[in-house]
Each structure stands twice: as C-alpha cells, then as structure tokens.
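Listed below are the residues making up each chain.
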Amino acid sequence: MQRIRSRQQFQAVMAGAPVAKTPHFALHRASLASEHLGRPLFPVADVWLGVLLPKRWARRAVTRNAIRRQIYEAARHIATGLPQAALVVRLRSEFSRKLFVSATSDVLKRAVRAELDQLLGRVLSPAPVEPAGPLPRTETSHGV
C-alpha cells in the first residue's frame, strides 16, 4: 500500500463525489490513470491511501493522530481486498468530546475502527466467483 502525499494527488482523488459515507467519515476514490504535467500521479499500480483530518472536526493533534493511525491500520488489515485505486478517507464530522473525553481512550478507538471497517468494507474488491457446474435437472409437475 502506498501513501498519498502530494497536493495534486489529493486534489485528483477529492475531485469526485464520495463513494461511501458513515456518520463521521467519507471515502473518495479515483483511478490510478490521473496525470499532472504529463506524468502519472500514481506511478505504481497499488492501493494508494490518503487521510484528510481537518482541525475543524478534530481540534487536538492527539485526536487527529490517533484517528490517522486507526485509518492506516484498518486499511493495512484488509489491504489485499482493496481495489488498486487511489482512496482518501476524510473526517466529515466531529466525534463528541462529551462522549469521548480522552483522545486515546479505547472507547474512541473502537468507535473509529468500527466505522472504518464499515466504510472500507463498502469498497472491498468482490471475491472472484467460482463458475458453477451445470444446474441439476429437476422434474416439474407439468409432466415435462
């Protein structure tokens, strides 16, 4: 898995509408064919992941860092099922500081991880379907 780092890469992925949403996160996706100044933005055919955590929704750096670690770990955990595309996970609303007092609490980590698993699960590459053999013939009541 590669990390999205440049502004041009983020802009290319964020140009489209989100492909999946949860109450706190949005997931944007773009193909790897994007170019900037005649050069490919994503030179390696792999899963590219970026994280966008605005200060508006997570004011404390410790909160942003904890969420960022959760995002990369959740993606790493299911990386083999993710499509070869550029993905950006964006925080779109605040986790209540009244419910989650500590930025490093296990309760917050579990809540973030549950939403991320749900979000990333929506873009998992479907498993290849094994071709089934011929269907068994069944007799009908029509006398055929």
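Further up the page is the structure itself.
Residues numbered from 1 in each chain as written. Predicted model: local features only at pLDDT ≥ 70, side-chain atom pairs only at ≥ 80, totals over all residues. Heavy atoms only, no water.

(A) Region of the structure containing the environment of M1. If you trace the backbone, M1 turns up in the segment before β1 (2-3). When residues no more than four places from it in sequence are discounted, the contact partners of M1 are D46, V47, L49, Y72, A75, R76 and A79. (Helix = DSSP H or I, 4+ residues; strand = E, 2+ residues; numbered from the N terminus. Contact = heavy atoms within 4.5 Å.)

(B) Summary view of the nonpolar core. F25, L27, I67, I71, V89 and F95 are the most contacted members of the largest nonpolar core, which has 25 residues in total. Elements represented by at least two residues in this core include exactly β3 (25-30), β6 (48-52), α2 (61-77), β7 (86-91) and α3 (106-121). In this structure, I67 is in contact with F25, L53, L91, F95 and V112, ignoring residues within four places of it in sequence. (Core = buried A, V, L, I, M, F, W, Y, C linked by side-chain atoms within 4.5 Å. Buried < 20%, exposed > 50% of the residue type's maximum accessible area, 1.4 Å probe, protein only.)

(C) Inspection of the pairing of β7 at higher detail. Of all six residues making up β7, five are buried, and the element is well covered by its neighbours. Note that β3 and β7 share six bridges and pair antiparallel. Considered in β7, the bridge of H28 is made with V88. Sheet topology places β6 next to β7; five bridges connect them, and they run parallel. From the neighbouring strand, V51 faces β7, where its bridge partner is V89. Taking the sense of rotation as the criterion, the β-α-β connection linking β6, α2 and β7 turns out left-handed. (Pairing = 2+ DSSP bridges. Right-handed = clockwise from strand over helix to strand, strands pointing away.)

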